[in-house]
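Structure at a glance
The chain contents come next:
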Amino acid sequence: MKIVIADYKEPLNRDLEIEKHFFRKGLGDDIEIETYEYNGDVEDLKRAISGADGILTSYLEFPAEVIESNSNLKGISIEATGYNFVDADAAQKQGTAVAVIGEYCTQEVADHTMALALAVSRKLKHYDREIEYKHKYDYNSTSGMKRMEDCTFGIMGLGKIGKAVAKRAKGFGFHIIAYSPSWPEKAAQELGVELVTKEELYKRSDIITLNMRLTPENENILNRDAFEMMEKKPVIVNVSRGQLIDEEALLEALDSGKVFGAGLDVLVEETDENTKKSPFVGREDVILTPHSAFYSDKALFECQRIGAENLVYILKREKDKVFRMVNDVEL
């Protein structure tokens, strides 16, 4: 039996012995495990996964042509909660199971959401630069900050993470509103959250956080039209997926003053090379973190453990033990 751990260079920069331990523990010491660093050559990727029974990845794209190149492929386990980069329908047709890890970093992502929201709102990057580079120790070097208790906190997506963010925001005294079409009104009221339309959220919010999954329906949900509706010059925080924001439209909103600032843990292009050309880099009104909202030592270990165990259960045909399968394949 053969497993390939395939990904970009950055996600592979971790202790892969953790996953290998769980593979051997579940499938035996004679399991063949290979690591493949994707270099942009799709044909090379096809060759690398040829004959593999299972694939473990975090962010690597698996379109239909790659999945279909290996008819023996029994499962793809994703070390993330999202799976928009894997063609689950093509996998379904071939009988290849696709699994995600679901719950492993809710607390970390919620904490990171609040950290970015508060840091941008309090202009911490400005003050740090003033002291670090200008040796200027002056609180009055900027303006425009609001008292948090006077602000409305808008959450887009009241899933596990959005709910955890709401609980944290409540502790700071924010009035909390949310756009989450699938969330029951009664449950929102019990949480102390007012459900609104996305248009109303844009209009009323002083802070807007994106805590929703990326779907075809909400890709570029924050676009030019959305920014035009924002009346209170909000702080924008995205800890979900870069594709939820039209980046060009956000830049225009920042430049025109429609948006106060942004805290971005995710970008459309998340590479070292993009840090050299991204117009978000170097801006005082933007704080960037490297898709790290999920991270703590415990969360990373859980991510690796659950991802590896999901693939073990798929290969052992123990469907009921898989944390979450996103397609309905008979194992």
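Before any of the text, the structure's been laid out above.
Residues numbered from 1 in each chain as written. Predicted model: local features only at pLDDT ≥ 70, side-chain atom pairs only at ≥ 80, totals over all residues. Heavy atoms only, no water.

Examining helix α2 (residues 42–49)
Burial in α2 covers these residues: L45, K46, A48 and I49. The arc that holds every buried residue of α2, seen down its axis, measures 160°, which confines them to one face. Contacts from the buried residues of α2 go to β1 (2–7), β2 (32–37), β3 (54–57) and α3 (64–67). Two or three places before E43, at the start of α2, stands the capping residue D41, its side-chain oxygen 3.0 Å from that residue's backbone nitrogen. Remark: G51 follows α2 within two positions and exhibits a positive phi of approximately 80°. (Buried < 20%, exposed > 50% of the residue type's maximum accessible area, 1.4 Å probe, protein only. Helix = DSSP H or I, 4+ residues; strand = E, 2+ residues; numbered from the N terminus. Arc of directions from axis to C-beta. Contact = heavy atoms within 4.5 Å. Polar contact = N/O pair within 3.5 Å; in protein donor to acceptor, adjacent residues only side chain to side chain.)

Section: the sheet that holds strand β12 (residues 286–288)
Taken in spatial order, the 7 strands of this open sheet run β8-β7-β6-β9-β10-β11-β12, and their pairing is parallel. The two strands at the open ends of the sheet, each matched to only one other strand, are β8 (194–195) and β12. Sheet topology note: the strand β6 (residues 152–156)/strand β9 (residues 207–210) ladder contains 4 bridges and is parallel. Note on β9: the bridge partner recorded for I155 is T209. Seen against the sheet, helix α7 (residues 160–171) touches β6, β7 (175–179) and β9 and runs at an angle of roughly 170° to β6. Packing against the sheet, helix α11 (residues 247–256) makes contact with β10 (235–238), β11 (261–264) and β12, and its axis sits at approximately 145° to β11. (Pairing = 2+ DSSP bridges. Axes fitted to C-alpha atoms, helices over the stretch in contact; angles between N-to-C directions.)

Some thoughts on unusual backbone geometry
Phi is positive for K233, close to 50°, though the residue is something other than glycine. Considering the arrangement of structural elements, one finds K233 in the loop between α10 (224–229) and β10. On the basis of relative accessible area, K233 is assigned to the exposed category, the value being 52%.

Comments concerning the pattern of salt bridges
Under the counting rule described, the total for this entry stands at 25 salt bridges. Its salt-bridge partner being E43, residue K46 comes within 3.2 Å of it at the nearest N-O pair. Of this pair, K46 and E43 both sit in helix α2, 3 residues apart, which is roughly one turn of that helix. Relative accessible area serves as the criterion here: at 18%, K46 is assigned to the buried category. (Salt bridge = Lys/Arg side-chain N within 4 Å of Asp/Glu carboxyl O.)

Quick notes on the environment of K170
By the secondary structure assignment, K170 is in helix α7. Along the primary structure K170 and L191 are separated by 21 residues, whereas in three dimensions their C-alpha atoms are 9.4 Å apart. If we ignore the near neighbours within four places in the chain, the residues touching K170 are I176 and L191.

These values are about where atoms sit, not about what they do.
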